[in-house]
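Listed here are the chains, written in short residue letters.
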Amino acid sequence: MRPTTAVERAERAMATGGSPTLEFQAEVPYDAYVHTEVLHNLQQPLSDDPGEMSFLMITQVMELYFKLVTFELRNARAALRDDEVGAALAPLRRTALHLEGLNGSWRGLRWMTPSDFNRFRDQLGEASGLQSSMYRHLEFLLGLKSVALLRPFRRQPKVHRELMRSFESSSVWDETIALLARRGHDVPLELLERDFSLEHEPHPAVEKAWVEVYRDDSTTNELRMLGEALTEVAEQFGDWRYQHVAAVRRSMGAKPGSGGSNGLAWLERSMARVVFPELWSARTHM
Ligand code: HEM
């Protein structure tokens with residue numbers, strides 16, 4: 001693809017009297033950039049039921065969002081690691097906005113009653129969102145760590161290796177806690193030099209640090225801005241989980257899941273794990 005400049009674009013619009021370009025030497029540049037050919041060949045429903053297309057495509061849209069959110073969170077984590085709070089705020093804000101977009105996608109499944117779902121459900125076999133590796137990357141970045149959920153990928157070495165790297169790396173929350181320590185808050189060493197593959201246990205020192213951060217409500221308090229950006233991310237992610245459970249309840253009640261779990265009960269337990277826990281508990285003491 002050949003880049004263009006603002007001058008070229010202005011000259012072209014002038015030459016055509018404002019009409020769009022309609023002649024190209026090869027494929028249209030839009031297709032070259034977006035890879036529409038690949039994208040539109042990815043929908044392969046397993047049944048003839050017209051409802052399955054919504055289920056499949058909304059799942060694909062959500063997978064793409066998981067990837068985008070993971071990308072943003074990795075950038076935010078790198079900025080926090082470099083002590084650049086200002087630089088972390090933009091990807092965190094984008095994360096929250098993408099999560100809002102992701103959450104909007106649930107609307108496309110609201111039509112699905114149990115009998116609608118049953119029309120194609122058997123064809124899905126054992127396939128379940130539980131086996132989404134991108135969702136697992138996302139959870140690991142948010143600090144939700146569970147070693148058991150790596151197991152399904154043992155026979156996919158590349159996916160497993162990448163997941164293991166995410167699993168063993170610090171989360172956005174770990175880097176936030178390290179930043180609080182560098183900014184003078186009293187954080188015990190055991191939280192800074194811990195095994196990152198273990199899920200972070202809420203700690204009173206981190207809670208106290210946030211109470212102190214929020215005490216200064218001046219507009220220049222960047223740690224407070226960071227706290228609010230993270231709160232928005234946690235809340236939007238919580239909305240995804242809540243809406244997923246609501247969709248499950250609506251379309252299959254308390255039946256067992258395709259992925260082998262007991263369905264709603266398993267999901268409710270999974271949902272009980274809190275993202276950025278001290279950011280919430282600290283609010284009681286403000
Ligand atoms: C109404 C449609 C849906 C139903 C009935 C449903 C059902 C379930 C069930 C029962 C589980 C528990 C695991 C198991 O399968 O045994 C699960 C997990 C999961 N599903 Fe769905 N699901 C639906 C839509 C989606 C969509 C569109 C996505 C998007 C990718 C998705 C992603 C996930 C993820 C990521 C998990 C694991 C959650 C966790 O680890 O806490 N699900 N789903």
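Residues numbered from 1 in each chain as written. Predicted model: local features only at pLDDT ≥ 70, side-chain atom pairs only at ≥ 80, totals over all residues. Heavy atoms only, no water.

1. Describing the overall build of the protein
As a reminder of what qualifies: Put simply, DSSP H or I for four residues or longer makes a helix, DSSP E for two residues or longer makes a strand, and each gets a number counted from the N terminus. The contact criterion used throughout is that any non-hydrogen atoms of two residues lie within 4.5 Å. Where accessible areas are quoted, they stem from the Shrake-Rupley method and a 1.4 Å probe; at the residue level, only the protein chains shown are allowed to cover.
Helix and strand counts for the protein stand at 14 helices and 0 strands. Viewed in the frame of its principal axes, the protein has a C-alpha envelope of about 65 × 60 × 35 Å. In the protein, 72% of the contacts between residues at least 6 apart in sequence involve partners at least 24 apart. By element, 55% of the accessible surface of the protein is carried by carbon and sulfur atoms, the whole surface being about 16,600 Å².

2. Section: a negative patch on the surface
Using the following cut-off: Patches in this entry comprise residues that are over 30% relatively accessible and not in a salt bridge; like charges within 9 Å are linked, as are nonpolar side chains (Val, Leu, Ile, Met, Phe, Trp, Tyr) within 5 Å. Whenever a carboxyl oxygen of Asp or Glu lies within 4 Å of a side-chain nitrogen of Lys or Arg, that contact is scored as a salt bridge. In this tally, Lys and Arg are treated as positive and Asp and Glu as negative; His is ignored, and so are the chain termini. A charge is said to be at NZ when it belongs to Lys, at CZ for Arg, at CG for Asp and at CD for Glu. Using a 1.4 Å probe on the protein chains alone, a residue whose accessible area is under 20% of its type maximum counts as buried, one over 50% counts as exposed, and one in between counts as partly exposed.
Side chains of E100, E232, E235 and D239 sit close together on the surface and give a patch of like negative charge. Examining the composition of the negative patch, we find that 3 residues originate from one element, helix 12 (residues 222-252), more than from any other. With respect to the helices, strands and loops of the structure, E100 is situated in helix 5 (residues 85-104). Taking relative accessible area as the criterion, E100 reaches 44% and is therefore assigned partly exposed.

3. Describing the site of the ligand
As a reminder of what qualifies: Any residue with a heavy atom positioned within 4 Å of a molecule or strand is treated as near that molecule or strand. Polar contacts, as counted here, are pairs of nitrogen or oxygen atoms within 3.5 Å of one another; within protein the pair requires one atom able to donate a hydrogen and one able to accept it, and residues that are adjacent in sequence qualify only if both atoms are side-chain atoms. The rule is simple: put a 1 Å grid over the protein atoms alone, call a set of points where a 1.4 Å probe fits but cannot get out a cavity, call an open set with protein on both sides within 12 Å along at least five of seven lines a pocket, and count a residue as lining if it has an atom within 4 Å of a point. Should more than half of a molecule's atoms lie within 2 Å of a pocket's or cavity's grid points, that molecule is taken to sit in it. Following the grouping adopted for this structure description, the nonpolar residues are Ala, Val, Leu, Ile, Met, Phe, Trp, Tyr, Cys and Pro, the charged ones are Asp, Glu, Lys and Arg, and the polar ones are all others, Gly among them.
For the ligand, the set of nearby residues contains 28 residues, the closest of which are S128, H244, G259, S261 and S270. At a separation of 2.9 Å, an oxygen atom of the ligand approaches a polar side-chain atom of R136. Measuring from an oxygen atom of the ligand, one finds a backbone N or O atom of G259 at 2.9 Å. Among the cavities detected, the one that contains the ligand is the largest pocket. Listing elements by their share of the shell around the ligand, those giving two or more residues are helix 4 (51-81), helix 7 (133-142), helix 12 and helix 13 (264-271). No other element matches helix 12, which puts 6 residues into the shell around the ligand. Residue classes in the shell around the ligand are distributed as 15 nonpolar, 12 polar and 1 charged.

4. Section: the coordination of the iron atom of the ligand
Just so we agree on the cut-off: The donor set comprises N, O and S atoms within 2.8 Å of the metal, extended to 3.2 Å for Na, K and Ca; water molecules are omitted, so apparent gaps in a site may simply reflect that omission.
If you check the protein contacts of the iron atom of the ligand, you find one donor only, H244 (NE2), at 2.1 Å. Its location among the elements puts H244 in helix 12.

5. A closer look at the packing of aromatic side chains
Note the cut-off: Note on aromatic pairs: the rings of Phe, Tyr and Trp (six-membered ring only in Trp) are paired at centre separations within 6.5 Å, and the planes decide the class, stacked below 30 degrees, edge-to-face beyond 60, tilted for the rest. As a reminder, the over-ring test applies to NZ of lysine and CZ of arginine, requiring each to be within 6 Å of the ring centre and within 35 degrees of the ring normal.
Per the stated rule, a full pass over the model turns up 12 aromatic pairs. Ring geometry for Y135 versus W240: centroids 5.2 Å apart, planes at 40°, classification tilted. With Y135 in helix 7 and W240 in helix 12, this pair connects stretches of sequence that are 105 residues apart. According to the relative accessible area criterion, W240 is buried, its value standing at 8%. Three or more aromatic residues joined by ring pairs form one cluster here, namely F66, W106, Y135, F237 and W240. In this structure, R283 is placed above the aromatic ring of W280, and the distance from its NZ or CZ to the ring centre is 5.6 Å.

6. Here we look at the UniProt feature "binding site: substrate" (unreviewed entry) in the protein
To keep things clear, this is the line we draw: UniProt positions are given in the numbering used here, feature names are shortened, and annotations may be inferred rather than shown by experiment.
Taking the UniProt record as the reference, the feature "binding site: substrate" (unreviewed entry) is found at R121. Relative to the helices and strands, R121 resides in helix 6 (residues 114-121).

7. Brief notes about the side chain of D49
Along the polypeptide, D49 turns up in the loop between helix 3 (36-39) and helix 4. In this structure D49 touches D116, R119 and F120, once residues within four positions along its chain are discounted.

8. Comments concerning the environment of H137
Within the secondary structure, H137 is located in helix 7. With 73 residues separating them in the primary sequence, H137 and W210 have C-alpha atoms 26 Å apart. Those residues within four positions of H137 in sequence are excluded, and the remaining contacts are T70, R74, E162, L163 and S166.

9. Here we look at helix 4
Under the convention used in this document: Here, expected helix span is obtained from the residue count minus one, scaled by 1.5 Å.
Given a rise of 1.5 Å per residue, 31 residues ought to cover 45 Å, and the 45 Å separating the end C-alpha atoms of helix 4 matches this to within 8%. The first or second residue beyond helix 4 is D83, which carries a positive phi of 70°.

10. A word on the packing of helix 4 against helix 7
Let me state the cut-off plainly: For helices, the fitted line uses only the C-alpha atoms of the stretch in contact; every axis is such a line through C-alpha atoms, and the angle between N-to-C directions lies from 0 to 180 degrees. An angle counts as roughly parallel when it lies under 35 degrees, as roughly antiparallel when it exceeds 145, as roughly perpendicular when it falls between 65 and 115, and as oblique in every other case. Definitions for this section: a left-handed crossing has its near helix turned counterclockwise from the far helix by less than a right angle. A right-handed crossing has that turn clockwise.
Taken N-terminus to C-terminus, the directions of helix 4 and helix 7 make an angle of 30°; their axes are 9 Å apart at the nearest point. As summarised for this structure, helix 4 and helix 7 are arranged roughly parallel, according to the angle between their axes. You can see that helix 4 and helix 7 cross each other, and the crossing is left-handed. In this structure, helix 4 uses E63, F66, K67, V69, T70, L73, R74 and R77 to contact helix 7, whose residues at the interface are M134, Y135, H137, L138, L141 and L142.

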